[in-house]
Amino acid sequence: MVDRPPACLQVTLDAIRACATPMALISTATGALYCNVALRDGFGLPAELAVDCSDPQLPGVLHDTIVQWLKAPGEFDNVCRRDVLVDVARGEARAPRWFDIECSPVRIPAEDGRALMLLAHDVTARRVALLSNEALEERRRIASDTNGIVGMWDLSPATMHVALDPALARLFDVDAAQARAGMPLDRLLSSIHDDDRERLISHIHQTVKNEIAFKSRYRLRLSADSVLWVSLAGWPVHDYAGRLIRYTGVAVDVTEGALVIEALQANEARFRTLAESLPQIVWTSGADGVQNYVNQRWIEYTGLGRDAMGLMRVPGVVNPDDIAASHERWLRCMATGERYDTEYRIRHRSGHYRWFRVMAVPVRDESGRIVQWFGTATDVHGERMLQRQRELIAGELEHRIRNLFSLIQAVVVRAMMAQPACRQHVRTIANRIVELSRVYDLGPPSTAPGAKSLRRLILDMFAAYDEPSMPRLSFEGEDIEVTESAAMAISLIIHELTTNAIKYGALCEADGTIKVSLRRSAGRCQFTWKEYGCRQLASGGYKPGFGSRLLSTTVEEQLHGITTRHWESDGLRLTIDMPMEGLMPVLRHG
């Protein structure tokens, strides 16, 4: 039994007992909480009028608050706490209640310690109304953010009763008043399409169990041959104690979207029909790069099934010498979204490897996010082998031409060496033959791989025809780094122009000169060949021969350019306009 309070507090305690408002007196002298019936009932305290402040039966929030105040040093201040949540015992059940708690100091003689008067106001009704308003605002927000809304609903997880608004009640063909009050979920499920009902029920129970947001799409039967596609979305609502009290949500008509999906599925079927008819290996992958489809050509070529799809994932499919570079390129393309284009060897079912050109492009959604990759693998082994044969033939031809120039040089030197007075002329002729041999190389003068300097190429070729004592060929303009194939094409063009100039152009005149210029602007390159001091050739006498046709074909087909010829008073002016894209080296991986 708790000791009685000090005598000086008895009058205050008597007043508290008679008050209908929940009140209590807390004494530091006895460590007891003296409460009236209203506070005892409101907080679900034991039947005794006074209880120990350390009693574990006190509500946690109330107990912690009292202990904190009693331990505070010095004088007590007036304290008010709003919306204190207390889990109140009501017989065997428990229920959340909200209180505003105010505490004021009670002055007593110093020898009797300190005391506090506690006043509690039950504000549960206010809090419930506030929660309802918040739920209403949430539903309004959902409605304003949702197009094609059919209606709104609330679900009680405790009873699995659903409340519907009038629009949704009409759709389910149930009484509006009963729907508003709430009805068992099972009564509404009969309107759900047979193929969707079990899935929807399972989804609802799983969502409530995990207390997470709910979203599902199903078909609602309107008649024997008519359905409405509905997307059901709901969000959990918790009280201030964190307990789930209900779900609130909307039902949205997505029939039009569902029809679009059906159309997409039909397009998917047509795509697969087309993909199966192509001679290439056709494949698709998700945004993560994992392949999810290959056509029949994959099975025929590799001997593997569709369950073993994945060029990079199945061991031995890609040649081990190619896999590192090609995989690095693939990872880069997935990260940047650029087009995937490379070549590597893929193993045939016989065990031999063949070269394939593998290409893939990203498929993006409306926001620009990559959702899929579409790719093909085309057999280019025959082209690779043909190119290798051409390189061997070109190398053999170049070797024979060099030997021929060496033979000519040896014959000239041997024939004229007997004449000492001609030795200087022999040396000059021999050097000229060496320079000519470089001009007649089938490839560019430099054999180093990678980009070539176009300025260096032109100057090297001029060296075979120029006179050291009186330079007759000059170059101006900016230098450009070009690919090996472009360098070879330009070498052929310069050789053809120079040969013509020696035969009947500026170089057949004693004082004739040639100037070559390069200009780059707006993604294009302009190559100009201008002859000066030419007195023999007139525009009317020009008849295109094999060399001219070869020059035009090289410019148009290899460099994708345009050739323009003008015969001016002192010689030929030839201009070639080319896109830089066909000249500049492009970094390739794999």
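See the structure printed just above.
Residues numbered from 1 in each chain as written. Predicted model: local features only at pLDDT ≥ 70, side-chain atom pairs only at ≥ 80, totals over all residues. Heavy atoms only, no water.

Considering the sheet that holds strand β21 (residues 513-521)
Part 1 of the reasoning: Here five strands make up an open sheet; going across it, the order is β19-β21-β22-β24-β23 and the pairing mixed. The open sheet terminates on both sides in strands that have one partner only, identified here as β19 (473-477) and β23 (562-568). Across the sheet, the mean angle from the axis of one strand to that of its neighbour is 15°, orientation sign disregarded.
Part 2 of the reasoning: In the sheet, β19 pairs with β21 via five bridges, with the strands oriented parallel. Bridging across to β21, Glu-476 finds its partner in Ser-517.
Part 3 of the reasoning: Of the strands in this sheet, β19, β21 and β22 (524-532) touch helix α14 (residues 454-462), which is tilted by about 170° from β19.
Part 4 of the reasoning: Contacts between helix α16 (residues 546-558) and the sheet are confined to β23 and β24 (571-579), with β23 contributing the most and set at about 140° to the helix. (Pairing = 2+ DSSP bridges. Helix = DSSP H or I, 4+ residues; strand = E, 2+ residues; numbered from the N terminus. Axes fitted to C-alpha atoms, helices over the stretch in contact; angles between N-to-C directions. Contact = heavy atoms within 4.5 Å.)

What about the packing of aromatic side chains?
Part 1 of the reasoning: Inspection of every chain in the model, using the stated rule, returns four aromatic pairs.
Part 2 of the reasoning: For the ring pair Trp-330 and Tyr-340, a centre distance of 5.1 Å and an interplane angle of 65° mean the geometry is edge-to-face. Separated by 10 residues along the polypeptide, Trp-330 in helix α11 (residues 320-336) and Tyr-340 in strand β15 (residues 340-347) bring together distant segments of the chain.
Part 3 of the reasoning: Ring centres 5.1 Å apart and planes at 65° place the aromatic pair Trp-330 and Trp-373 in the edge-to-face group. Taken together, the residues Trp-330 in helix α11 and Trp-373 in strand β17 (residues 370-379) connect sequence positions 43 residues apart. The burial state of Trp-330 is the same as that of Trp-373; both residues are buried.
Part 4 of the reasoning: Sitting above the plane of the Tyr-532 ring, Lys-530 keeps its charged end 4.2 Å from the centroid. (Phe/Tyr/Trp six-rings, centres within 6.5 Å; stacked < 30°, edge-to-face > 60°. Buried < 20%, exposed > 50% of the residue type's maximum accessible area, 1.4 Å probe, protein only. Lys NZ or Arg CZ within 6 Å of the ring centre and 35° of its normal.)

So, the sheet that holds strand β16 (residues 353-364)
Part 1 of the reasoning: Here five strands make up an open sheet; going across it, the order is β14-β13-β17-β16-β15 and the pairing antiparallel. Strands at the two margins of the open sheet, each flanked by one partner only, are β14 (291-294) and β15. Here the average twist between neighbouring strands, direction ignored, is 25°.
Part 2 of the reasoning: In this structure, strand β13 (residues 281-286) lies alongside β17, joined through six bridges in antiparallel fashion. Note on β17: the bridge partner recorded for Trp-283 is Gly-375.
Part 3 of the reasoning: Running over the sheet, α11 touches β13, β15, β16 and β17 and is turned about 150° from β15.

As for the side chain of Thr-498
Part 1 of the reasoning: Here Thr-498 is to be found in helix α15 (residues 484-504).
Part 2 of the reasoning: Within the structure, the side chain of Thr-498 is placed 2.7 Å from the backbone oxygen of Ile-494, a separation counted as a polar contact. (Polar contact = N/O pair within 3.5 Å; in protein donor to acceptor, adjacent residues only side chain to side chain.)

Some thoughts on a nonpolar patch on the surface
Part 1 of the reasoning: A surface patch of nonpolar side chains, about 250 Å² in accessible area, is lined by Val-361, Val-363, Val-371 and Phe-374.
Part 2 of the reasoning: For the nonpolar patch, the elements supplying multiple residues, two or more each, are β16 and β17.
Part 3 of the reasoning: If you trace the backbone, Val-361 turns up in strand β16. (Patch = residues over 30% accessible without salt bridge, like charges linked within 9 Å, V, L, I, M, F, W, Y side chains within 5 Å. Areas by Shrake-Rupley, 256 points an atom, 1.4 Å probe, with all protein chains shown as cover. Salt bridge = Lys/Arg side-chain N within 4 Å of Asp/Glu carboxyl O.)

Some words on the pattern of salt bridges
Part 1 of the reasoning: Taken as a whole and judged by the stated rule, the model has 17 salt bridges.
Part 2 of the reasoning: Note that Arg-197 and Asp-194 form a salt bridge whose closest N and O atoms lie 2.8 Å from each other. Of this pair, Arg-197 and Asp-194 both sit in helix α8 (residues 194-210), three residues apart, which is roughly one turn of that helix.
Part 3 of the reasoning: Linking Arg-369 and Asp-365 is a salt bridge whose minimum nitrogen-to-oxygen distance equals 3.2 Å.
Part 4 of the reasoning: Given a relative accessible area of 24%, Asp-365 falls into the partly exposed group.

Describing the side chain of Lys-530
Part 1 of the reasoning: Residue position: Lys-530 is located in strand β22.
Part 2 of the reasoning: Only 2.9 Å separates the side chain of Lys-530 from the side chain of Asp-570, close enough to count as a polar contact.
Part 3 of the reasoning: When sequence neighbours within four positions are dropped, the list of residues in contact with Lys-530 reads Thr-513, Ile-514, Lys-515, Glu-568, Asp-570, Gly-571, Leu-572 and Arg-573.

Overview of the pairing of β22
Part 1 of the reasoning: Relative to β22, β21 runs antiparallel, the two being bridged by nine bridges. Its bridge partner lying in β22, Val-516 is registered against Trp-529.
Part 2 of the reasoning: Connecting the antiparallel pair β21 and β22 is a turn made up of two residues, with Ala-522 showing a positive phi of about 50°.

Observations regarding the nonpolar core
The tendency in soluble globular proteins is for nonpolar side chains to be buried side by side.
Part 1 of the reasoning: Residues Leu-454, Ile-458, Ile-494, Phe-527, Trp-529, Leu-559 and Leu-583 are the most contacted members of the largest nonpolar core, which totals 34 residues.
Part 2 of the reasoning: Contributing elements (two or more residues each) for this core: α14, β19, α15, β21, β22, α16 and β24.
Part 3 of the reasoning: Sort the elements by how many residues they give to this core and α15 lands first, with eight residues.
Part 4 of the reasoning: Those residues in contact with Ile-458 that lie beyond four places of it in its chain are Phe-475, Ile-494, Val-516, Leu-518 and Phe-527.
Part 5 of the reasoning: Core analysis: the next-biggest nonpolar cluster, separate from the first, contains 28 residues, Leu-185, Ile-192, Ile-204 and Tyr-218 among them. (Core = buried A, V, L, I, M, F, W, Y, C linked by side-chain atoms within 4.5 Å.)

Quick word on the environment of Met-160
Part 1 of the reasoning: Its place among the elements puts Met-160 in the loop between β7 (149-156) and β8 (161-164).
Part 2 of the reasoning: As a C-alpha pair, Met-160 and Asp-186 span 26 residues in sequence and 8.9 Å in three-dimensional space.
Part 3 of the reasoning: Residues within four places of Met-160 in sequence aside, it is in contact with Leu-155, Met-183, Pro-184, Leu-185, Ile-204 and His-205.

Points about empty space enclosed by the protein
It is a probe the size of a water molecule, rolled over the atoms, that shows where empty space is left.
Part 1 of the reasoning: With the rule as written, the count across this model stands at three cavities of 30 Å³ or more.
Part 2 of the reasoning: Roughly 230 Å³ of internal volume is contained in the largest cavity.
Part 3 of the reasoning: Along the walls of the largest cavity sit 18 residues, with Trp-153, Val-162, Leu-185, Ile-204 and Leu-232 positioned nearest its centre.
Part 4 of the reasoning: Elements with a contribution of two residues or more to the lining of the largest cavity: β7, β8, α7 (186-189), α8 and β10 (214-223).
Part 5 of the reasoning: With four residues, the single largest contributor to the lining of the largest cavity is α8.
Part 6 of the reasoning: Of the residues assigned to the lining of the largest cavity, the class counts are 17 nonpolar, one polar and no charged. (1 Å grid on protein atoms, 1.4 Å probe; cavity = no way out; pocket = protein on both sides within 12 Å on 5 of 7 lines; lining within 4 Å. Points joined across faces, edges and corners; volume = space filled by probe spheres on them. Nonpolar A, V, L, I, M, F, W, Y, C, P; charged D, E, K, R; others polar.)

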